[in-house]
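Chain by chain, the residues run as shown.
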Amino acid sequence: MTTPHHAHRPAGFGGAVAAEWTKLWSVRGTWWTLLAAVLVTAATAGQLAIYAANANTNDDPADDAGIVTVGSIVTASVELAQYAVLALGLLAITSEFTSRTIRTTLQCTPSRGRVLLAKAVVTAGVTFPLGLLLGGVGALVARPVLGEWGTVPAAGTVRDVVAFAAYLALVGVLALGLGAALRSAVLTLVVLVAALMIVPLSLQEPGITALTRIADAFPGVAGAHFLAGDGEPYPSVVGLLLLAGWAVAALALGRAALRRRDA
């Protein structure tokens, strides 16, 4: 027979994951974010496909891209699509600070690390399949727009869509970790945009090799090398590992911030 003491025992990891899953889907913003992600991906993939087709048919032969793969259009569309997914990751934590429900969460699961890990599992568990869906949507939109200038190699397309989903899951977790550390959705978004785009672009701009190498270690650039399947400046798997390292570091930073400060 279960005693009252056991009934009120803090939830285990499975319970924490279930609670985070329920919270995520009970927020209306989650559904709007998913819809935005689908629309942005479809629009971006369509626009990139139009550019590729037009480049081959205009009067300037220097523009000719030749026949491109649908997968390359999908992976290129991540630059805009990722921001809808980032919103899912950062809102999973910053909305709790805003509404003060983080106090209840930490009473139910006192372990800060367990709370954050549960949120990370749910964030990745939603953003990876979402990425597969978005990749499929991007491919379906791009294929007819490309027409004779597009090709759909089966293995390559599957690889590109899975890589697209993996990238989105990792940047979603990165956003979650930073959100836990910074507590503000706006501040977190500013830092993410700086880390993913502004700082590495600024480092690459002068064309100085040492600065370009530093930029290659940033999450957005590492992710781009992974998505492109590059062999230079490092194999694509290294890009994936660098991005995963940034996500883990962000979670560690978020956990340290949660432990140091009261909710």
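Read on for a plain summary of the structure.

Reading the values: rules and limits
- Residues numbered from 1 in each chain as written.
- Predicted model: local features only at pLDDT ≥ 70, side-chain atom pairs only at ≥ 80, totals over all residues.
- Heavy atoms only, no water.
- Helix = DSSP H or I, 4+ residues; strand = E, 2+ residues; numbered from the N terminus.
- Buried < 20%, exposed > 50% of the residue type's maximum accessible area, 1.4 Å probe, protein only.
- Contact = heavy atoms within 4.5 Å.
- Areas by Shrake-Rupley, 256 points an atom, 1.4 Å probe, with all protein chains shown as cover.
- Lys, Arg positive; Asp, Glu negative; His and termini not counted.
- Charge placed at Lys NZ, Arg CZ, Asp CG, Glu CD.
- Axes fitted to C-alpha atoms, helices over the stretch in contact; angles between N-to-C directions.
- Parallel < 35°, antiparallel > 145°, perpendicular 65-115°, else oblique.
- Left-handed = near helix turned anticlockwise from the far one by under 90°.
- Nonpolar A, V, L, I, M, F, W, Y, C, P; charged D, E, K, R; others polar.
- Salt bridge = Lys/Arg side-chain N within 4 Å of Asp/Glu carboxyl O.
- Phe/Tyr/Trp six-rings, centres within 6.5 Å; stacked < 30°, edge-to-face > 60°.
- Lys NZ or Arg CZ within 6 Å of the ring centre and 35° of its normal.
- 1 Å grid on protein atoms, 1.4 Å probe; cavity = no way out; pocket = protein on both sides within 12 Å on 5 of 7 lines; lining within 4 Å.
- Points joined across faces, edges and corners; volume = space filled by probe spheres on them.

### Some details on the overall build of the chain
Okay, so step 1: Looking only at helices and strands, the chain has twelve helices and two strands in total.
Okay, so step 2: Along the chain, from the amino end to the carboxyl end, the secondary structure elements read α-α-α-β-α-α-α-α-β-α-α-α-α-α.
Okay, so step 3: For the C-alpha atoms alone, the extent of the chain along its principal axes is close to 75 × 40 × 30 Å.
Okay, so step 4: Buried positions account for 43% of the 263 residues belonging to the chain.
Okay, so step 5: Relative to all contacts within the chain whose residues are 6 or more apart in sequence, the contacts with residues 24 or more apart total 78%.
Okay, so step 6: Of the roughly 12900 Å² of accessible surface on the chain, 68% is carried by carbon and sulfur atoms.
Okay, so step 7: With 16 positive and 14 negative side-chain charges, the chain shows a spacing of 28 Å between the two charge centroids.

### So, the packing of helix H9 (residues 185–204) against helix H10 (residues 209–216)
Okay, so step 1: Where H9 meets H10, the axes come as close as 7 Å, and the angle between the chain directions of the two elements is 160°. For the element pair H9 / H10, the angle class is roughly antiparallel. As for the relative orientation of H9 and H10, their crossing is left-handed in sense. On H10, the residues that touch Pro200, Leu203 and Gln204 of H9 are Leu211, Thr212, Ile214 and Ala215.
Okay, so step 2: Of the residues assigned to the contact of H9 with H10, the class counts are five nonpolar, two polar and no charged.

### Here we look at the packing of helix H11 (residues 219–228) against helix H12 (residues 236–260)
Okay, so step 1: Look at H11 against H12: their axes get within 7 Å of each other, and the N-to-C directions meet at 145°. Classified by chirality, the crossing of H12 by H11 is left-handed. Each of Pro219, Ala222, Gly223, His225 and Phe226 in H11 lies in contact with H12, whose residues at this interface are Ser236, Gly239, Leu240, Leu242, Leu243 and Trp246.
Okay, so step 2: Partitioned by chemical class, the residues of the contact of H11 with H12 number seven nonpolar, four polar and no charged.

### Comments concerning the pattern of salt bridges
Okay, so step 1: Tallied over the full model, the rule gives six salt bridges.
Okay, so step 2: Across the pair Glu96 and Lys119 runs a salt bridge whose closest N-O atoms are separated by 2.4 Å. One end of the pair, Glu96, is in helix H5 (residues 78–99); the other, Lys119, is in helix H7 (residues 112–146), with 23 residues separating them in the sequence.
Okay, so step 3: Here Lys119 falls in the buried class, since its relative accessible area comes to 1%.
Okay, so step 4: In the salt-bridge network here, residues are joined through shared partners; they are Glu20, Lys23, Glu96 and Lys119.

### Some details on the environment of Thr33
Okay, so step 1: In this fold, Thr33 is placed in helix H3 (residues 28–57).
Okay, so step 2: A relative accessible area of 12% means that Thr33 is categorised as buried.
Okay, so step 3: Separated by 55 residues in the primary sequence, Thr33 and Leu88 place their C-alpha atoms 6.8 Å from one another.

### What about the environment of Ala155?
Okay, so step 1: Tracing the sequence through the fold places Ala155 in helix H8 (residues 154–182).
Okay, so step 2: The class for Ala155 is exposed, based on a relative accessible area of 63%.

### Digging into the packing of aromatic side chains
Okay, so step 1: Under the criterion given, the structure shown has three aromatic pairs.
Okay, so step 2: Here a set of aromatic residues connected by ring pairs shows up, and it is made of Trp21, Trp25 and Trp31.
Okay, so step 3: The ring of Phe226 has Arg159 sitting right over it, with the charged end atom 5.5 Å from the ring centre.

### Here's the deal with the layout of surface pockets
Okay, so step 1: Within this model, the largest pocket holds a volume of roughly 340 Å³.
Okay, so step 2: Surrounding the largest pocket, 17 residues form its lining, Val78, Glu79, Gly220, Val221 and Ala224 being those nearest its centre.
Okay, so step 3: Residue assignment for the lining of the largest pocket shows that the elements contributing at least two residues are helix H4 (70–76), H5, H9 and H11.
Okay, so step 4: With six residues, H11 is the largest single contributor of residues to the lining of the largest pocket.
Okay, so step 5: Here the residues of the lining of the largest pocket are counted per class, giving eleven nonpolar, five polar and one charged.
Okay, so step 6: When its volume is computed, the second largest pocket comes out at roughly 240 Å³.
Okay, so step 7: Forming the boundary of the second largest pocket are 16 residues, of which Leu24, Val27, Leu91, Ala92 and Ser95 lie nearest the centre.
Okay, so step 8: When residues of the lining of the second largest pocket are traced back to their parent elements, those giving at least two are helix H2 (13–26), H3, H5 and H7.

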